[in-house]
Each structure stands twice: as structure tokens, then as C-alpha cells.
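Structural description and commentary
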Amino acid sequence: MVSVIIPIYNRAGMLERSVRSVMEQSLSDWELILVDDGSTDGSADICDGFVAADPRIRAFHKPNGGVSSARNLGLDEARGEWLAFLDADDRFYPDALETMVKKAEQDSLDMLQFAYNRDYVAGENDGRESGVITPEEYLSKGLFQGSVWSVCVRNDIVRNNGLRFDSGLRIAEDQLFIYELLRHSERVERIGNVLYWYFDNASGAYANTRPGDNMDIIGKFGPYKITFPAAARQIDSLLLGCLFNLAHKSDVPAERIAELWKLADVQSCAPWKSLGVKLFWHLALFSPKFATGIVRLLRRVFPGRK
């Protein structure tokens, strides 16, 4: 009924917890696809041990190529009607798969989004419901959550449209994948059920963002607004955050940030609550170079503040 894909790179200390959260599901009709992305810490042996313990688990080993390439291998191998994604340091609630599939089947959905907890603390997205809506309504109502582990999707949507994760992105690759899902979907829904435990990972890509990561996002997502205008507001929020990060956290020349500002063509900063981001936005409308200079001055005067 459902294929769960876990990309794995050096997660030996956490992997068993994640895998067992699938094995203990109230729904028994699942397959678990473990993709070892060139781990060197014993994760590969843990994967093979679970394969021997449960016939519903399959493991694949590949040279290190990044989380997107690992998930793409999982997509190639998935045989379930539905797809769900789990990171190797996170967990599902015991009724997660049953709740996903039952709701998705009941409402004839293409994609279902659900709520999550963050390190056992209720996430800010909890409790929000949408009913069955179109992708355009889903985006315009501000319901979007860009992490692929927070959705369940019909496998036919992925298979029939050849959808894949972009291996050229180190972060936000799942957000782009969800936009592609939405482009090819008709019926989506967001439910308030908390089905996922997300654990902050100090060694993860988001915690170790590099200037080049922000530039890659701007290069990919800026032009994408033309391809998928329904997502323009959400993409603007992402691009503005990347530009602010470059101004605030890096030594990228202000001239280069001005070039990226032009490419990004940010039209809105509505989703942002950070005063620093809003200040950067208003100043950059007149001069991105000046805005960068002010942000960097404030960084020196108020270190640690955003």
C-alpha cells in the first residue's frame, strides 16, 4: 500500500529508532526502502540486518551522492501505491501510515500534508486543516510546508511524470520536488494530525548552509517562478531568506548580492516576521548594495541578532 523511503548517510546511532518506527506501524501493508548513500560508520550493516529481520524491508547501497540521489534511487524502486518519506534521524507516530493512507484514499487525493512535532515540542504548523482543495488554493492560503517528509503522495503522480529530486541542490531540494508534485496534482489536502517527529540535526545540511547553497537556490528557484507562478509568493519568501543570509552571514561581495537580487526578482516579503529580513527587503528595493551594507553594519553592532 505504501512505500517509505529513508536516505541514509552515517546515521548508525539513530537509524534503528527510525526503522523501528516503521516496523511498529498500525498499518502492516508497507515496504521500507533503505538507501545507504555510501555510509562509513556501520549504517550499511544495520540496514542489512533489518533486511534479514523483515521481508518488507529492502536495502540498497550506493556511492555517496547526496540525499537527492538517494531518494531518487528509492523512487525508482518504490512499488507502493503511496509514497512517504522519513529521514534517518526522525520517527513516525505509530498510526502515521494508517492515517495517511486512509485519509488519502477516502478523499481521492494526489497529495496529503500532515503536521509534525519538533524534538517532542508541538510544531508551529499543528492543527491547520484545509479540506480537499486545488494546489492553487493550497498555495494561496499559505498552507504550504516545504519538507518532503511531511507529505504522502500518490506514486502514479511521480511515476507518470518522471518526477525526481534535483541533485544540483544541497538544500531546499525537497521544496522544489513538492512544487513539482503540486504542478501535476489536482486534489490536495492538509490535515492537523501530528504524524511525524522531527529531530534537529546539528550536522545536517540546513544547519551547515554555505553561501553557495543560497546562490544555487536563487539560480534554480528564481526562474522557476515563471514556470509555476502559483508558487511565486512562497518562492519569494525562500529567495528573500537566501539573499538575507548572504548579506548577514557571508562575505559575498555586495555587488554579487545585487546581481542575485535582480535574478531573484523578489516581489513580496509577507511571510517573514524577522525585523532584519524586513529591513533588508525595504532597503534592497532601492539599493541591494546599500541594504547589504546596513545589514553587515548591524551585524557588527548587534552580533547574534537577526
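Look above for the structure.
Residues numbered from 1 in each chain as written. Predicted model: local features only at pLDDT ≥ 70, side-chain atom pairs only at ≥ 80, totals over all residues. Heavy atoms only, no water.

**Details of the pattern of salt bridges**
Heads up, the rule is: We define a salt bridge as a side-chain nitrogen of Lys or Arg found within 4 Å of a carboxyl oxygen belonging to Asp or Glu. Strands are runs of DSSP state E lasting at least two residues, helices are runs of H or I lasting at least four, and both sets are numbered from the N terminus onward.
Taken as a whole and judged by the stated rule, the model has 22 salt bridges. Between Lys103 and Glu189 there is a salt bridge, and its shortest N-O distance comes to 3.6 Å. Taken together, the residues span a long stretch of sequence, with Lys103 in helix H4 (residues 96-106) and Glu189 in strand S9 (residues 188-198) at a distance of 86 residues. Connected through shared salt-bridge partners, Glu31, Arg58, Glu77 and Arg79 make up one network.

**A short note on the packing of aromatic side chains**
The condition is simple: Pairing of aromatic side chains requires ring centres within 6.5 Å, counting the rings of Phe and Tyr and the six-membered ring of Trp. Pairs whose planes differ by under 30 degrees are stacked, by over 60 edge-to-face, and all others tilted. Residue burial is assigned from relative accessible area. The probe radius is 1.4 Å, only protein chains are included, and a residue is buried under 20% of its type maximum, exposed over 50%, and partly exposed in between. Comment: the charge-over-ring label is applied if NZ (Lys) or CZ (Arg) is within 6 Å of the ring centre and within 35 degrees of the ring normal.
Counted under the stated rule, the structure contains 17 aromatic pairs. Measuring from ring centre to ring centre gives 6.3 Å for Tyr179 and Phe221, while their planes differ by 70 degrees; the resulting arrangement is edge-to-face. On the criterion of sequence distance, the pair formed by Tyr179 in helix H7 (residues 173-183) and Phe221 in helix H8 (residues 211-227) is long-range, its members being 42 residues apart. Plain terms: the ring middles of Tyr224 and Phe228 are 6.3 Å apart, the flat faces sit at 75 degrees to each other, and that makes the pair edge-to-face. Summarising the burial analysis for this pair, Tyr224 and Phe228 share the class buried. A cation sits over an aromatic face here: Arg71 above Phe165, 5.3 Å from the ring centre.

**Considerations on unusual backbone geometry**
Residue Ser108 is not a glycine yet carries a positive backbone phi of 50 degrees. Note that Ser108 resides in the loop between H4 and strand S6 (111-118). One non-glycine residue, Asp265, adopts positive backbone phi at about 50 degrees. Looking at the secondary structure, you find Asp265 in the loop between helix H10 (254-264) and helix H11 (275-284).

**Notes on the nonpolar core**
For clarity, the cut-off: Remark: nonpolar core denotes a set of buried residues (Ala, Val, Leu, Ile, Met, Phe, Trp, Tyr, Cys) joined through side-chain atoms within 4.5 Å. Residues are treated as being in contact if the distance between any of their heavy atoms lies within 4.5 Å.
Grouped together as the largest cluster of nonpolar side chains are 60 residues, with contacts concentrated most on Tyr179, Leu182, Phe221 and Phe280. Among the elements that make up this core, the one with the highest residue count is helix H9 (residues 232-249) (9 residues). For Phe280, the residues in contact, after removing those within four places along its chain, are Leu240, Leu243, Phe244, Ala247, Trp261, Ala291, Thr292 and Val295. Among the nonpolar cores identified, the runner-up in size contains 34 residues, and Val22, Cys47, Phe92 and Leu112 belong to it.

**A word on the pairing of S9**
Let me state the cut-off plainly: Between any two strands, at least two bridges found by DSSP are needed for them to pair.
In terms of burial, S9 is largely enclosed, as 9 of its 11 residues are buried. Sheet topology places strand S5 (residues 91-92) next to S9; 2 bridges connect them, and they run antiparallel. Bridge pairing in S9 places Arg91 opposite Trp197. When S6 meets S9, the two strands line up parallel, connected through 7 bridges. Note that in S9 the partner of Asn117 across the bridge is Trp197.

**Considering the side chain of Ser147**
Mapped onto the secondary structure, Ser147 falls in the loop between helix H5 (135-140) and strand S8 (151-154). Beyond its immediate chain neighbours, meaning those up to four positions away, Ser147 contacts Asp174 and Ile178.

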